[in-house]
Amino acid sequence: MSNMKRRDFLKATAGVAAGAAAPMIWMKDAHAQQWSNVPEKGAKLRVLRWSRFVQGDIDQYMVNVKKFTDKYGIDVRVDNESWEDVRPKAAVAANTGAGPDIILGTNDDADLYPDKLLDVTDLANYLGKKYGGWYPVCEAYLRPDGKKWIGIPLGAAGSMMVYRESQLKAAGYDSFPKDTDNFLKMMKALKDKGTPGGFALGHATGDANTWCHWLVWAFGGEMVDKSGKVVIDSPETIKALDYSKELYATFIPGTLSWLDPSNNKVFLDGQISVTNNGISIYYAAKNSKDPKVAALAADINHAQYPVGPSGSATAFHLFLNQMIFKYTKYPKAAKEFIRFMMEDEQYGAWMQAGIGYVAQPLAAYAKNPIWTVDPKHTPYRDVLMNMRPAGYDGKLGYASAGALADFIIVDMVAEAASGSKPPKEAAAAAQKRAERYYKV
């Protein structure tokens, strides 16, 4: 809970805490929630979403799509693109007023064009009341004015430390370090043993953004302060970048060009012992038909990010949203599709099929058995309850979304870690780049 000031957390989560009490509470209330919405006759929908990282995700998603079509007679076309390709295609749709009706986007992309998105406050209120409330970070991303919802949260792909237990033990560690000092010592020991780790430093929307933001926050750095002033060029950030140089020296070569699939591949190939990732590496190992890869599953485990000098447990995860563009010819059908996909019967089955690759944004779904059927799943359960938004510590909006889309934090860490720029110079460059967005 240390990601927020205690008083802010208690205020923001008053409803969530009650919702997390038990499924019985929301199940008893479920019939009391009213939703009245009749899709347009002859409606057809097109959905653009990110490509799957676990096969169960897309398989169950499409099962749920078929159930929707069978129930309503509405044809739904689903297109899949990489994380990096969804954002520009969504931006083009927003600017041209043509394209998919619904986009499953990432982070605060919705804040780049809020006036182009359909108001879904009624749907957000319905789902929130029925399923125990939205976690506070959902409102930060998709209710920027505190009143109107511009999208419906889908959840978050949690980012945890993924490691090989046997290789940590061989390096002298029975458990994953809980602080940055010991984490660095462990990474050095792993390299000395010939079993290095590796973290993405390319423009990886998920993996690079998550660990680089954690690194800056762990040392007390921030992109902006509460007033929206850019403060990334700070002593705290410099310390984080100094640390990144030592950490990078322990990495396997090539991480500067890694995108989101890269660390999955090298980990499953046995080339690295530690990385940060969603649960997709574990999923791939458990379901692999290659005996060598399948054998890794028993050796894989997950841990929270280490706590740095800031003293706070900080984390950034890949937030996932569902946006409906105003230009859609079928706004009622689009809302009905999202409502249907978020209801327990569909959403719960989807979570289980992906073994929790996407964690729930609604408190009641924390009771889904997927989180306890295997203790290696459990670390991913509460990612939305504990995460910070990328624009921390300021308000989300065009500036934060633009700065994140421009990979300012990632580039700064990559420059300093690799030595292409001294830490002070890298921080100063990031400051100037960020100021271009926050002056808008």
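One can find the structure itself at the top, above this paragraph.
The sections below set out a description of the structure shown in this document. Everything numeric here is computed off the predicted structure, so don't read it as measured data.

## Let's talk about the overall build of the chain
The number of helices and strands found in the chain is 20 helices and nine strands. Taking 2.2 N^0.38 as the reference for a compact globule, 440 residues should give roughly 22 Å; the C-alpha atoms of the chain span a radius of gyration of 21 Å, in line with that estimate. Along the longest, intermediate and shortest principal axes, the C-alpha atoms of the chain span 65 × 55 × 40 Å. Taking all 440 residues of the chain together, 59% fall into the buried category. Long-range pairs, those at least 24 residues apart, make up 77% of the contacts in the chain with a sequence separation of at least 6. If you sum the accessible surface of the chain, you get close to 17,400 Å²; carbon and sulfur atoms cover 53% of it.

## Some remarks on the packing of aromatic side chains
Enumeration according to the criterion identifies 26 aromatic pairs in this entry. Residues F53 and Y357 carry aromatic rings whose centres are separated by 6.4 Å and whose planes lie at 20° to one another, so their mutual orientation is stacked. Separated by 304 residues along the polypeptide, F53 in the loop between β1 (44-50) and α4 (55-72) and Y357 in the loop between α16 (344-353) and β9 (358-359) bring together distant segments of the chain. By relative accessible area, which is 6% here, Y357 ends up buried. Where F176 meets F183, the ring centres are 5.8 Å apart and the plane angle is 35°; that geometry is what we call tilted.

## Details of the packing of helix α15 (residues 331-342) against α16
Packing of α15 against α16 brings their axes to within 4 Å, and their N-to-C directions diverge by 60°. In terms of their interaxial angle, α15 and α16 are classed as oblique. Touching F340, M341 and M342 of α15 are D344, Q346 and Y347, all from α16.

## Quick look at helix α20 (residues 423-438)
The α-helix advances 3.6 residues per turn, and as a result positions three or four apart in sequence lie on the same side. With 16 residues, α20 extends 22 Å between its outermost C-alpha atoms, agreeing within 8% with the 22 Å of an ideal straight helix rising 1.5 Å per residue. Every buried residue of α20 is listed here: P423, A426, A427, A430, Q431, R433, A434, Y437 and Y438. The inward-facing, buried residues of α20 abut α11 (235-248), α18 (398-405) and α19 (408-418).

## Topic: unusual backbone geometry
Cis geometry is adopted by the peptide bond preceding D393, which originates at Y392 and carries an omega value of 15°. If you trace the backbone, D393 turns up in the loop between α17 (383-386) and α18. Positive phi, close to 50°, is recorded for N107, a residue that is not glycine. Secondary-structure assignment places N107 in the loop between β3 (102-106) and α6 (121-130).

## With respect to the sheet that holds strand β7 (residues 300-303)
Taken in spatial order, the three strands make up an open sheet running β6-β5-β7, and their pairing is antiparallel. In the strand order of this sheet, the two ends are held by β6 (274-277) and β7, each with one partner. Mean inter-strand twist for the sheet, computed between neighbouring axes without regard to direction, equals 30°. Of the strand pairs in this sheet, strand β5 (residues 160-164) and β6 are connected by four bridges, and their pairing is antiparallel. Following the sheet pairing, V162 is matched in β6 by T275.

## Considering the pairing of β1
Of all the seven residues making up β1, five are buried; the element is thus mostly covered by neighbouring parts of the structure. Sheet topology places β1 next to strand β2 (residues 75-81); seven bridges connect them, and they run parallel. Note that in β2 the partner of V47 across the bridge is V78. Running through α4, the crossover from β1 to the neighbouring parallel element β2 is right-handed. Note: β1 against β3, two bridges, orientation parallel. For L48, the partnering residue across the bridge sits in β3 and is I103.

Conventions we followed
- Residues numbered from 1 in each chain as written.
- Predicted model: local features only at pLDDT ≥ 70, side-chain atom pairs only at ≥ 80, totals over all residues.
- Heavy atoms only, no water.
- Helix = DSSP H or I, 4+ residues; strand = E, 2+ residues; numbered from the N terminus.
- Rg over C-alpha atoms; globule rule 2.2 N^0.38 Å.
- Buried < 20%, exposed > 50% of the residue type's maximum accessible area, 1.4 Å probe, protein only.
- Contact = heavy atoms within 4.5 Å.
- Areas by Shrake-Rupley, 256 points an atom, 1.4 Å probe, with all protein chains shown as cover.
- Phe/Tyr/Trp six-rings, centres within 6.5 Å; stacked < 30°, edge-to-face > 60°.
- Axes fitted to C-alpha atoms, helices over the stretch in contact; angles between N-to-C directions.
- Parallel < 35°, antiparallel > 145°, perpendicular 65-115°, else oblique.
- Expected span 1.5 Å × (residues − 1).
- Pairing = 2+ DSSP bridges.
- Right-handed = clockwise from strand over helix to strand, strands pointing away.

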